[in-house]
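One-letter residues, chain by chain:
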Amino acid sequence: MSEVVPSGKAGLPAANVATASGAVAAQTEPDMKGWLLKWTNYLKGYQKRWFVLSKGVLSYYRNQAEMTHTCRGTISLHGALIHTVDSCTFVISNGGTQTFHIKAANEVERQSWVTALELAKAKAIRAMESDEEEEDTAANTIPSEELNLVVRELTFRLENLKTCYDLITKHGATLQRALSELESGDDLANKTKIVSERATLFRISSNAMINACSDYLQTAQTQGHKWSKMLQHERDQKLHLEEMVEQLARQHSHLEQAAHRHRPNATASASDDEDNEFYDAQEEGGSVASQEDSSFILKIPVAHHRRNSNDATGSSSEGEEGNSETQQVSFVMTEWNVKVLLFRALVTDNLDNMDMTDRISVNSSQALTPTLSNNNQSTKVARRRRTRVPDKPNYPLNLWSIIKNCIGKDLSKIPMPVNFNEPLSMLQRLTEDFEYSEILDKAAQCKDTCEQLAYVTAFTISSYSTTSNRTGKPFNPLLGETYECDRTDDLGWRCINEQVSHHPPMAAQYCEGRGWRCWQEFTMTSKFRGKYIQIVPLGYAHVEFPATGNKFTWRKVTTTVHNIIVGKLWVDNHGDMEIYGEKSAKGVKCHLKYLPYSYFTRDTQRRVKGVVMDNSNQVKWVINGTWDSKIEIAPVTSTSGSAENPVYKTGNYKTAWSRRLPPTDCDKYYNFTILACQLNEPEPNVAPTDSRLRPDQRLMEDGKWNESNGEKLRLEEKQRARRREREAEAEKAAAEGRPYPPYEPVWFSKQQDEGTDSLVHVFKGTYWDAKTKQDWSKCPDIF
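Residues numbered from 1 in each chain as written. Predicted model: local features only at pLDDT ≥ 70, side-chain atom pairs only at ≥ 80, totals over all residues. Heavy atoms only, no water.

- Under the annotation held in an unreviewed UniProt entry, the protein chain carries the name Oxysterol-binding protein and is attributed to Aedes aegypti.
- If you open the UniProt record of the protein chain and go to Subcellular location (unreviewed entry), you find "Membrane".
- Recorded in UniProt under Sequence similarities (unreviewed entry), the annotation for the protein chain is "Belongs to the OSBP family." (UniProt positions renumbered as here; feature names shortened; annotations may be inferred.)

Below you can see the structure in the form of structure tokens.
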């Protein structure tokens, strides 16, 4: 049984409020508390736990006695996702790192908890935004107890002023009447006495008013002088701290430069320039494998699959610990492979480092069977598209002056001006993942599942190729914003993206091409740490090949932007990625490692290496290369060594992906590739919510940044107003005891993920029909 305690504007249904005899004040009592069943992985079942919802945080304990000393887990609601699974079960997640699967005793109790959680989430969002507004306008924080005492004292003195004012008004009116009667009357002596008394009372009230004003003014001046001194002290401390942080950043940069000049594999031509802090991977001279040592070691985690029927997004469980075993594998190239690679290094085409067989099979449209129902490439004339955007204006801006107060905040919640943006939305930036879609075309032709996964792996790596020199921040999409990209006529694929959630920000994407279809939910967490910004993706991406029934799933790795304060901005991608097979490919997986940048390593920078294993954990393919240049794959031909430390010999390496270099003058227009330049090109007949029609983004592309900043503020305020309306309607519905439906996307719907209890956004398949009919009646007004 759950106990609901109304607090503030919660407006919970009266039927859900249990009798709370002897309950403390509402401000100290939680919004809701009670027993619920929670799924625990280590016991593989639901266990009874005590849950407490208070101040925008959901916490749980083994029992009520633990509330004073041991909390088993918490989820902050301001960015949480709340899903209803069935009549008694619901799921709450913070976006991917922590998930609670909860079951109530009945449908009424489940609805009570979901309603309370939704309202608590709305209040937490409002409180967070009001706190951020106060931080932007206030340079000092006064201790709350002292502030309350001063406010109470000033309020008391103001009440005295009001009382004195009322007395003066009253006695003044009486004196006025007495003077009027004095002018017309006989008993002059008696009336003169009355006038004198009234005048005395008026004088006493006036003196009291003057004294009260003096006391109020003295109190205000005293406290104002005290607060002014505190404010000046805090400002001095803040300036001193800023100088220290900036000096520390410069010292760090010089230390990095010194370390780079003395690194073991540094060349004699290393530059001493302050801006040259990051050195690109070598792009000339043949294959990646020929530039590396003839062998490399990769530690492969030996663990069960991290995704099970009740843990689709990394569900939290008390007492659960994963396996940490690793298997060290060495890969050795045969002498013949070395000779072949050296020969290819001399004859490789500079424009395309793929062998002739790969080039023919990847680029030949006759060998590919389109899956699009309305594809008519034989009669359609390819549209002529632009190849660049207007040059970026040179508007100087002090980066440090803006972001120095944003340390520790979520990047998506920082109100940045467009000076830090690029004229693309995040929905358009996600579409760039398919710039090298020909890799998936090649994978669709593979008969061997492990080889197909090797090409899929190369495709996942290719999505990072532009991050090495793209440091602009994409526009945060508005809730309900969409973006379509139909390149069926020339590239053989089309996709549709929609912003399906605002807190937390989440985009859903669906793309279909020649023999494959790909979809993903993209959400992330991002923090500014002073010298760098770290972006951690939380959503999953999937690709499926209908011809074979193979499906593969992965999550992107961490991206870090360095040298935020001083020096030249540079980007690094690092971490482990696991691509695992499902359906017909179940059991097949690829373990991939993005090596972080280091001044002291002998490895090529930006290197990626990995292995593809079959369903019996036998290594079948080797992945090797760099995420900004190219990726090569090779089959494993033989195995030697011990079971604990096996050594695999590989066959011929072949290029699975090679980057197409952008135009030489792309630094003038945000380092865009040709595809990136075409993403925001105006196009007729798109949905009214399409990113191409977003006014602030269009103004920025045209170089009108001041007007763009104004439009950006207008759109953000319009979005906040719509959210406040929905929250007010939800509170009203809760007060009346009726359910209020949450926001629903237009082109995607929430459905239960296959094999899990989590809900994912699935494409409805209605967008392209709506475009054909030009029926946009379901689209919201967001611009």
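### Things to note about the overall build of the protein chain
Okay, step 1: When you go through the protein chain residue by residue, the secondary structure sums to 14 helices and 30 strands.
Okay, step 2: Put simply, the protein chain has 783 residues, and 49% of those count as buried.
Okay, step 3: Of the contacts made within the protein chain by residues no fewer than 6 positions apart, 63% connect residues no fewer than 24 positions apart.
Okay, step 4: Carbon and sulfur atoms make up 52% of the accessible area of the protein chain, which totals about 38100 Å². (Helix = DSSP H or I, 4+ residues; strand = E, 2+ residues; numbered from the N terminus. Buried < 20%, exposed > 50% of the residue type's maximum accessible area, 1.4 Å probe, protein only. Contact = heavy atoms within 4.5 Å. Areas by Shrake-Rupley, 256 points an atom, 1.4 Å probe, with all protein chains shown as cover.)

### What about the environment of Phe 100?
Okay, step 1: With respect to the helices and strands, Phe 100 occurs in strand β8 (residues 99-103).
Okay, step 2: Relative accessible area serves as the criterion here: at 0%, Phe 100 is assigned to the buried category.
Okay, step 3: For the pair Phe 100 and Ile 75, spaced 25 residues apart in sequence, the C-alpha to C-alpha distance is 8.6 Å.

### Quick word on unusual backbone geometry
Among all residues except glycine, the phi angle is most often negative; among peptide bonds, the trans geometry is most common.
Okay, step 1: In this structure, the amide linkage connecting His 503 to the following residue, Pro 504, adopts the cis form with an omega of -5°.
Okay, step 2: Mapped onto the elements, Pro 504 comes out in the loop between β14 (493-501) and β15 (506-513).
Okay, step 3: Positive phi, normally seen in glycine, also occurs at Asn 617, with a value near 65°.
Okay, step 4: Along the polypeptide, Asn 617 turns up in the loop between β24 (607-613) and β25 (619-626).
Okay, step 5: By relative accessible area, Asn 617 is classed as partly exposed at 44%.
Okay, step 6: In this structure, Gln 774 takes a positive phi of about 55° despite not being glycine.
Okay, step 7: You can see Gln 774 is positioned in the segment after α14 (767-773).
Okay, step 8: Look at Gln 774 and you get partly exposed, because its relative accessible area is 36%.

### Brief notes about helix α9 (residues 438-445)
Okay, step 1: Counting buried positions along α9 gives six out of eight residues, so the element sits mostly inside the fold.
Okay, step 2: By the burial criterion, the buried members of α9 are Glu 438, Ile 439, Leu 440, Asp 441, Lys 442 and Ala 443.

### Some remarks on the packing of aromatic side chains
Okay, step 1: According to the stated counting rule, one finds 19 aromatic pairs in the structure shown.
Okay, step 2: Ring geometry for Phe 51 and Phe 100: centres 6.4 Å apart, planes at 70°, overall edge-to-face. Note that Phe 51 is positioned in strand β3 (residues 45-54) and Phe 100 in strand β8, a separation of 49 residues in sequence.
Okay, step 3: On the basis of relative accessible area, Phe 51 is assigned to the buried category, the value being 0%.
Okay, step 4: Between Phe 434 and Trp 516, the aromatic rings sit 5.9 Å apart at their centres with planes inclined by 10°, giving stacked as the arrangement. Of the two residues, Phe 434 sits in the loop between α8 (426-431) and α9 while Trp 516 sits in strand β16 (residues 516-522), which places them 82 residues apart along the sequence.
Okay, step 5: Classification of Phe 434 by relative accessible area gives buried; the value is 1%.
Okay, step 6: Within the aromatic cluster, the residues linked to one another by ring pairs are Phe 434, Phe 459, Trp 493 and Trp 516.
Okay, step 7: Over the face of the ring belonging to Trp 35 we find Lys 48, whose NZ or CZ atom lies 4.9 Å from the ring centre. (Phe/Tyr/Trp six-rings, centres within 6.5 Å; stacked < 30°, edge-to-face > 60°. Lys NZ or Arg CZ within 6 Å of the ring centre and 35° of its normal.)

### Overview of the confidence of the model for the protein chain
Okay, step 1: This prediction gives the protein chain a mean pLDDT of 76; 74% of its residues lie at or above 70.
Okay, step 2: Contacts from residues 4-28, a stretch scored under 50 in pLDDT, to residues over four places away or in other chains number 33 contacts.
Okay, step 3: Note on residues 319-324: pLDDT is under 50 here. Beyond four places in sequence and across chains, it has six contacts. (pLDDT = per-residue confidence, 0-100.)

### Quick notes on the pattern of salt bridges
Opposite charge on two side chains permits them to pair, given that their charged atoms come into close proximity.
Okay, step 1: The full count for this structure, using the stated rule, is 34 salt bridges.
Okay, step 2: Close ionic contact of Arg 514 with Asp 441 constitutes a salt bridge, the shortest N to O distance being 3.5 Å. One end of the pair, Arg 514, is in the loop between β15 and β16; the other, Asp 441, is in helix α9, with 73 residues separating them in the sequence. An identical accessibility class is assigned to Arg 514 and Asp 441; each is buried.
Okay, step 3: Two residues, Lys 712 and Glu 716, come together in a salt bridge whose shortest N-O distance is 2.8 Å. Pair noted here: Lys 712 and Glu 716 are both in helix α13 (residues 705-735), with a separation of four residues, about one helical turn.
Okay, step 4: Judged by its relative accessible area of 10%, Lys 712 is buried.
Okay, step 5: Sharing partners across several salt bridges, the network here consists of Glu 422, Arg 429, Glu 432 and Arg 470. (Salt bridge = Lys/Arg side-chain N within 4 Å of Asp/Glu carboxyl O.)

### A look at the side chain of Asn 573
Okay, step 1: Here Asn 573 lies in strand β22 (residues 570-583).
Okay, step 2: Within the structure, Asn 573 has its side chain in polar contact with the side chain of Thr 467 (distance 3.0 Å).
Okay, step 3: The contacts of Asn 573, once residues within four sequence positions are left out, are Tyr 464, Thr 467, Val 557, Thr 558, Thr 559, Tyr 594, Leu 595 and Trp 627. (Polar contact = N/O pair within 3.5 Å; in protein donor to acceptor, adjacent residues only side chain to side chain.)

### Describing the environment of Glu 432
Okay, step 1: Inspection of the secondary structure assignment puts Glu 432 in the loop between α8 and α9.
Okay, step 2: Assessed through its relative accessible area of 6%, Glu 432 is described here as buried.
Okay, step 3: Along the sequence, Glu 432 and Ser 462 sit 30 residues apart, while their C-alpha atoms lie 9.8 Å from each other.

### Overview of the pairing of strand β27 (residues 646-650)
Okay, step 1: Summarising burial for β27: four of the five residues are buried, a large majority.
Okay, step 2: One ladder, built from five bridges, connects strand β26 (residues 630-641) with β27; its direction is antiparallel. Bridge pairing in β27 places Gly 641 opposite Pro 646.
Okay, step 3: The hairpin turn running from β26 into β27, its antiparallel successor, is four residues long. (Pairing = 2+ DSSP bridges.)

### Topic: the pairing of strand β23 (residues 589-594)
Within a regular strand, side chains alternate between the sheet's two faces.
Okay, step 1: The element β23 is largely enclosed, with a buried count of five among its six residues.
Okay, step 2: Bridge count for β22 against β23 is six bridges, and the pairing is antiparallel. When the sheet's bridge partners are listed, Met 577 is paired in β23 with Leu 592.
Okay, step 3: Between β22 and β23, which follow one another and run antiparallel, lie five residues, and Gly 587 among them has a positive phi close to 100°.

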